[in-house]
Amino acid sequence: MSAQERSAATRVVVASTVMLSFISFWRGAAIVLSDLASSAFYAGGIAEQAVGRSAPWFVLAVMLFSFAVRSVYLESCSMYVRGGVYVVVRDAMGPFLARLSVSALIFDYILTGPISAVSAGQYLGRVINEISEMLQSGMTVTPNEFAAAFGLLVTAYFWWSNIKGIHESSTKALRIMQVTTVMVVVFFIWCALTLMRRGPAQIPPAPLPSNLRFGEHDLGWLRDTQWIQFSAVAIVVAFGHSLLAMSGFETLAQVYREIAAPKLHNLKITANIVCGFALVGTGVITLMAGMIIPDSIRPEYVDNLLGGLAMHLSGPPLVRLAFHIFVVVVGILILSGAVNTSIIGANGVLNRLAEDGVLAAWFRRPQRKFGTSYRLINAIAIMQVATIVASRGNVKLLGEAYAFGVVWSFFMKALGVLVLRFRRHDQEYKTPLNIMMGDREIPIGLFLTTFTLFLVALANLFSKQIATISGVGFTLLLFATFTISSRLNSRTRRETKQGLEQFNLDVRPEITAGSGAIHARPACILVAVRNYNRMEHLKSVLQKTNLRRHDIVVMTVRGVSTGAGEYDLGENQLFTDDERELFTRVVAMAEKEGKTVDLLVVPAVNPFDAMVQTASRLQASRLVTGVSARMDSDELARRIGHAWERLPEPRHPFSLEIITPDRPSTFVNLGPHPPRLWPEDIGRVHELWLELSDKYAGSKLHHRDVVSVALRRMQQELDSDKRDEIVRDILVEIEHRKEPVFTRANGNDNLPRAR
């Protein structure tokens, strides 16, 4: 069959709606706060070094201003624009500013990791020194050097996790934020009791120009100029030095796709939770630290302000030290999580740029073993490592550079939304404070928010000299890379990659059985593929499946990172050269075996959810996967099983088969099902039935009655003091199992038989 004939006959159905495990607003708030709340550990100290003792008031003002920025993000999410950040700004202001804005966004992501990791290292290093001093062991560490080394280790760990493609769930973020909430509540109550008992050591001076004490390097090019003499300019500069407290807020837009219905209503609740938590957890706690830690001592705690606050609360020293250790543990959890989020976010945005043709497709080539975009992840990690090494563990230096990316990202986002306000009229939500002048609506609130961000961005541009040089240099370097790469792509985009099939795309909002999108009959076999170098399981299915009994559907999950933005993928992003090359190999294998297959692309955040949702919608009898390079077969089966449990009722039951080369297949029945018992287990039930029926129950007793009573007794004992004994017996039973309980019957595609 010629390539042209195959192209005419080969169709790929693409599900255009991202498959998600929709989350509650609590989980959404936890994901956002995993980024935003981390700034509480370093923003206050950095701001105080920059503007002096009145810094807590400016941090509090930034947290109040976050409610205005919240409205901008809500309006952005209420407009549907496919394609991510780059496409949004491109549609609003053109490709030039789109490349420029996304370059600043990448700079923001790149610096999120280093400042979070180094800050966590500062907290850990200083608590080690305090414990050592209390024990008089003489073992101390240099905070900056220790923080840099710790930052490198954390970055390396999450680099490897992302190379393997390990999925981080919202449950983990929720648990971390629950622990963080406990810390914030304890801080708030304990600080209030301390202030009532002994009064404030001092009240931070009011945020007035006369009270500002800028550091030696915190005015940049504004030093010795007339501009800084203006009160308004001084206030804006001080506000800009404190804007770092709002870093991570952009994650609010990224969780919009995953928020459960009603989406916009729940996003509003999420945003209110986030802003309220940040107001107390960052703004109020920073203000209390300024009131409780004496001015003469507080400079020693600029890099671990919350640790210093814990040690200056009222109460026994050992209790305060224990709470300090708890604060450090929470800090390491939340700050380390921000490192992971930064890699995920940067990788997601860069993948979107590659899909839009702004980056060369070379960057998205999948890793041979794990199938991840390892070249992008490597580049991100290298830049973060270089940043940590260059900073030598100096949190303030990292904070200044980070603030550059944060404010310009916020401003470009707000400016894009402002432009779209006049070009589109389909917003479900609008930033408050709008007035009508004739037949035209004037967005006063949106304009004031955008203008404020613009003034702060300008102030940071001229006052943060090192940050401006590094930020502008980095942004221009990325901008040049994107521009050159985009032009090179435009030359080659018309040329078809040699050897790849041309597929006809049928884009559907969703895939359901009997819709005509997929021709496979119910009870089909769904085969999940990801890496064209690891498709032995597909070969096995093609060889052994009788098409008169079962149709074959081959699906691949189009990974969509939660860090990629709040918008869905465009059609050209749903089916890229990666999917074309993968399905070219699938078609070749199918033709070699003389079998026909349906091809399906499903975009999803969680691949396990995508597989079970697709199998359920197609009413498949079996889901087949290959062995995973990142986890063993038991763990893979467990995760897919948990994804099945998350399906809404009624759940469609089907079997999971994990095919490992040169080994028997692993089979799992998903959902409630009759267990396949060992012969000795069946014999044991029969012996018990004989004994009980002969002595007590007679002919009325059945085998199922024996099993029912045994299960009920086991459930009761699991709730009693015998639980540990039963669990121990179960673990012994698992350990003594010498070989798989089920294996495939050779030469056919039937379900596994009992051994």
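None of these values were measured; they are calculated from a predicted model.

Undergrad: Give a detailed account of the pairing of strand β2 (residues 434-437), specifying residues and quantitative values.
TA: The pairing of β2 with strand β3 (residues 440-443) spans four bridges and is classified as antiparallel. The residue bridging asparagine 434 from the neighbouring strand is proline 443, located in β3. Here β2 folds back onto β3 in antiparallel fashion, the turn holding two residues, of which glycine 438 has a positive phi close to 70°.

Undergrad: Give a description of the nonpolar core that names residues and reports values.
TA: Ranked by size, the top nonpolar core spans 144 residues in total, and within it Phe41, Met183, Phe187, Phe214, Met246, Phe249 and Leu309 carry the most contacts. Sequence-distant contacts of leucine 309, defined by excluding residues within four places in its chain, comprise Phe187, Cys191, Ile285, Met288, Ala289, Ile292 and Ile293. Membership of the second largest hydrophobic core comes to 31 residues, among which are Val13, Leu618, Leu636 and Leu656.

Undergrad: With reference to specific residues and values, describe the pairing of strand β8 (residues 622-626).
TA: Taken across its five residues, β8 has five buried, putting it largely inside the fold. Bridge analysis of strand β5 (residues 525-528) against β8 gives three bridges, and the strand direction is parallel. What sits directly across from isoleucine 525, in β8, is arginine 622. Both β8 and strand β9 (residues 654-659) contribute to a ladder of five bridges, which runs parallel. Bridged to arginine 622 within β9 is serine 655. Taken together, β8, helix α22 (residues 633-645) and β9 constitute a β-α-β crossover, and its handedness is right-handed.

Undergrad: Explain the confidence of the model for the protein to me, and be specific about the residues and the numbers.
TA: Scored by pLDDT, the protein has a mean of 82; 87% of the residues are at 70 or more. When the criterion is pLDDT under 50, residues 1-9 qualifies, and its contacts beyond four places in sequence or with other chains add up to ten contacts. Here residues 563-567 is modelled with pLDDT under 50, and outside its nearest four sequence neighbours on either side it reaches 29 contacts, counting other chains as well.

Undergrad: Explain the packing of aromatic side chains residue by residue, including any values.
TA: Under the counting rule described, the total for this entry stands at 16 aromatic pairs. Ring centres 5.8 Å apart and planes at 40° place the aromatic pair tryptophan 159 and tryptophan 160 in the tilted group. What makes tryptophan 160 partly exposed here is its relative accessible area of 39%. Put simply, the rings of Phe187, Trp190, Phe323 and Phe326 touch in pairs and so form one group of aromatic residues.

Definitions and cut-offs
- Residues numbered from 1 in each chain as written.
- Predicted model: local features only at pLDDT ≥ 70, side-chain atom pairs only at ≥ 80, totals over all residues.
- Heavy atoms only, no water.
- Pairing = 2+ DSSP bridges.
- Helix = DSSP H or I, 4+ residues; strand = E, 2+ residues; numbered from the N terminus.
- Core = buried A, V, L, I, M, F, W, Y, C linked by side-chain atoms within 4.5 Å.
- Buried < 20%, exposed > 50% of the residue type's maximum accessible area, 1.4 Å probe, protein only.
- Contact = heavy atoms within 4.5 Å.
- Right-handed = clockwise from strand over helix to strand, strands pointing away.
- pLDDT = per-residue confidence, 0-100.
- Phe/Tyr/Trp six-rings, centres within 6.5 Å; stacked < 30°, edge-to-face > 60°.

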